[in-house]
Amino acid sequence: PTEMKAIPRPPSNTAILEAYGTALTLLARRKMPRPMNRTTFEYSAEIGTRLSQEAPGVGTALALLTDLHDHYCYGGDTASAQEVQQANASLRQLREALRQWKGEANRPERSSETLRT
């Protein structure tokens, strides 16, 4: 079998992919994981629609992160410092919108490690 090698990416592209990954982790902790059968765009649209009234900042931030992720994950371009700043700002916006949202799905499940004292 042929081994797949990781594609070397510029640090700026990696920073954008990491910001997107963090956003997915935050949403998964709130019972909104990305199903493997959804594209990044489909998932972003679904979250934006689902939270449009309760937490509109989540959809806006995820849409920008998704656009940046797809461009710098699958394209051959190198992200600028400004685009990395946009990704980080969008991640902060998503975090803040989730903090302010009081929806039931916003409550992370407790793991056994969380319960230990």
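Refer to the structure presented above.
Before going further, it helps to examine the packing of helix α1 (residues 11-29) against helix α4 (residues 81-100). Between α1 and α4, the least distance of the axes is 9 Å, while the angle of their chain directions is 10 degrees. The pairing of α1 with α4 is recorded here as roughly parallel in orientation. Here S12, A15, I16, A19, T22, A23, L26 and L27 of α1 lie close against α4, whose contacting residues are E83, V84, A87, N88, L91, L94, R95 and L98. For the contact of α1 with α4, the per-class residue count stands at 11 nonpolar, three polar and two charged.

So, on to the environment of A19. Here A19 lies in helix α1. When the C-alpha atoms of A19 and L65 are compared, they prove to be 7.5 Å apart, with 46 residues separating the residues in sequence. Filtering out sequence-adjacent residues up to four positions away, A19 remains in contact with L65, A87, N88 and L91.

If you check the backbone angles, K31 has positive phi at about 65 degrees while not being a glycine. If you trace the backbone, K31 turns up in the loop between α1 and α2 (40-50).

The next thing to look at is the packing of helix α3 (residues 56-74) against α4. Viewed as axis vectors pointing N to C, α3 and α4 meet at an angle of 150 degrees, and their least axial separation amounts to 8 Å. Taken together, the axes of α3 and α4 are roughly antiparallel relative to one another. As α3 runs across α4, the sense of the crossing is left-handed. In this structure, α3 contributes G57, V58, T60, A61, L62, L64, L65, L68 and Y72 to the contact, and α4 contributes E83, Q86, A87, S90, L91, Q93, L94, A97 and L98. Looking at the contact of α3 with α4 residue by residue, the class counts come to 12 nonpolar, five polar and one charged.

Rules of the game
Residues numbered from 1 in each chain as written. Predicted model: local features only at pLDDT ≥ 70, side-chain atom pairs only at ≥ 80, totals over all residues. Heavy atoms only, no water. Axes fitted to C-alpha atoms, helices over the stretch in contact; angles between N-to-C directions. Helix = DSSP H or I, 4+ residues; strand = E, 2+ residues; numbered from the N terminus. Parallel < 35°, antiparallel > 145°, perpendicular 65-115°, else oblique. Contact = heavy atoms within 4.5 Å. Nonpolar A, V, L, I, M, F, W, Y, C, P; charged D, E, K, R; others polar. Left-handed = near helix turned anticlockwise from the far one by under 90°.

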